[in-house]
Amino acid sequence: MLMMFSPKSTSLFIAISIVAVLHLQSATASTPPSEKVVHIYDWIQTNNSVQPPSPLKVHCHSKSQDAGTWTLEEKQEFEFHIQVGTTLFWCDFSWGFKAKSFPVYDANHDDFPNQTHHGWLVSERGFFFSAADDPGPDEFMFVYSWANDRSLKF
């Protein structure tokens, strides 16, 4: 049985379909992710003028979860996943005689709620942040220096 549709019903069907697709796309695009991926990138040059060669040590944790401790060399990186319900996640960084500790993710102050990735690039100058999925070196913004922090033991 062949069904015929009038031009009016066909136009109405197309219009309703377009509206439905646009609504689904906007609903999907504005839904925050259920987890965050935190990346730590070691860009400290082995031969630098700041101090003798030393690996970067990183320990990341929340009040209830320990993501572990890593030792990174130049151009190495690691990542860990955080459930969005986790309010605050800290990392302690140690590089030779320098140390720094700060929150790498704070749910109460998340300026990028629809971004999945939170990247931290560590260099001789300090710490740089990017919320891009796969950031290039120019996409990071300076946030913290190594200066004026306590000595960390881990």
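If you're wondering where the values come from, they're calculated on a predicted model, not measured in any experiment. (Residues numbered from 1 in each chain as written. Predicted model: local features only at pLDDT ≥ 70, side-chain atom pairs only at ≥ 80, totals over all residues. Heavy atoms only, no water.)

A. Representation of a negative patch on the surface. Among the surface-exposed residues, Glu77, Glu79, Asp133, Asp134, Asp138 and Glu139 lie close enough to one another that they form a single negatively charged patch. Mapped onto the secondary structure, glutamate 79 falls in strand β4 (residues 77-83). We classify glutamate 79 as partly exposed; its relative accessible area is 41%. (Patch = residues over 30% accessible without salt bridge, like charges linked within 9 Å, V, L, I, M, F, W, Y side chains within 5 Å. Areas by Shrake-Rupley, 256 points an atom, 1.4 Å probe, with all protein chains shown as cover. Salt bridge = Lys/Arg side-chain N within 4 Å of Asp/Glu carboxyl O. Lys, Arg positive; Asp, Glu negative; His and termini not counted. Charge placed at Lys NZ, Arg CZ, Asp CG, Glu CD. Helix = DSSP H or I, 4+ residues; strand = E, 2+ residues; numbered from the N terminus. Buried < 20%, exposed > 50% of the residue type's maximum accessible area, 1.4 Å probe, protein only.)

B. Here's a closer look at the packing of aromatic side chains. Evaluated as defined, the whole model comprises 16 aromatic pairs. Relative to phenylalanine 140, the ring of tyrosine 41 has its centre 5.7 Å away and its plane inclined at 80°; by these criteria the two rings are edge-to-face. With tyrosine 41 in strand β1 (residues 35-42) and phenylalanine 140 in the loop between β8 (126-130) and β9 (141-145), this pair connects stretches of sequence that are 99 residues apart. The class for tyrosine 41 is buried, based on a relative accessible area of 10%. The buried category is assigned to phenylalanine 140, whose relative accessible area is 12%. Seen from their ring centres, tryptophan 120 and tyrosine 144 are 6.2 Å apart, and the 20° between their planes marks the pair as stacked. Here tyrosine 144 lies in strand β9 and tryptophan 120 lies in strand β7 (residues 117-122), a separation of 24 residues in the sequence. Here a set of aromatic residues connected by ring pairs shows up, and it is made of Phe93, Trp95, Phe102, Phe112, Trp120, Phe127, Phe129, Tyr144 and Trp146. (Phe/Tyr/Trp six-rings, centres within 6.5 Å; stacked < 30°, edge-to-face > 60°.)

C. Looking closely at the state of the cysteines. Scanning the model with the defined rule gives one disulfide in all. Note that cysteine 60 is cross-linked by a disulfide to cysteine 91, the S-S spacing being 2.0 Å. Residues cysteine 60 and cysteine 91 are joined through a disulfide that is right-handed, its torsion about the S-S bond being 105°. In this pair, cysteine 60 sits in strand β2 (residues 56-61) while cysteine 91 sits in strand β5 (residues 88-95), placing the two residues 31 residues apart along the sequence. Take cysteine 60 and cysteine 91: they sit in the same class, and that class is buried. (Disulfide = S-S within 2.5 Å.)

D. Highlighting the environment of threonine 71. Among the structural elements, threonine 71 can be located in strand β3 (residues 66-72). Relative accessible area serves as the criterion here: at 48%, threonine 71 is assigned to the partly exposed category. Leave out the neighbours within four places in its chain, and threonine 71 touches Pro55, Leu56, Lys57 and Gln76. (Contact = heavy atoms within 4.5 Å.)

E. Quick peek at the sheet that holds β1. Pairing in this open sheet of five strands is mixed, and the strands run β4-β1-β7-β8-β9 from one edge to the other. Both edges of this open sheet fall to β4 and β9, since each of them pairs with a single strand only. Strand-to-strand twist across the sheet, computed as the mean angle between neighbouring axes with direction ignored, equals 25°. Where β7 meets β8, four bridges bridge the pair, whose relative direction is antiparallel. Within β8, the position partnered with leucine 121 by the bridge is phenylalanine 128. (Pairing = 2+ DSSP bridges. Axes fitted to C-alpha atoms, helices over the stretch in contact; angles between N-to-C directions.)

F. Geometry of the nonpolar core. Of all hydrophobic cores here, the largest spans 23 residues; its most connected members are Ile40, Leu56, Val58, Phe80 and Phe93. Those elements that place two or more of their residues in this core are β1, β2, β4, β5, β6 (98-106), β7 and β8. Here this core takes four residues from β5, the largest share from any one element. (Core = buried A, V, L, I, M, F, W, Y, C linked by side-chain atoms within 4.5 Å.)

It is worth stressing that arrangement in space is one thing and function is another; only the former is reported here.
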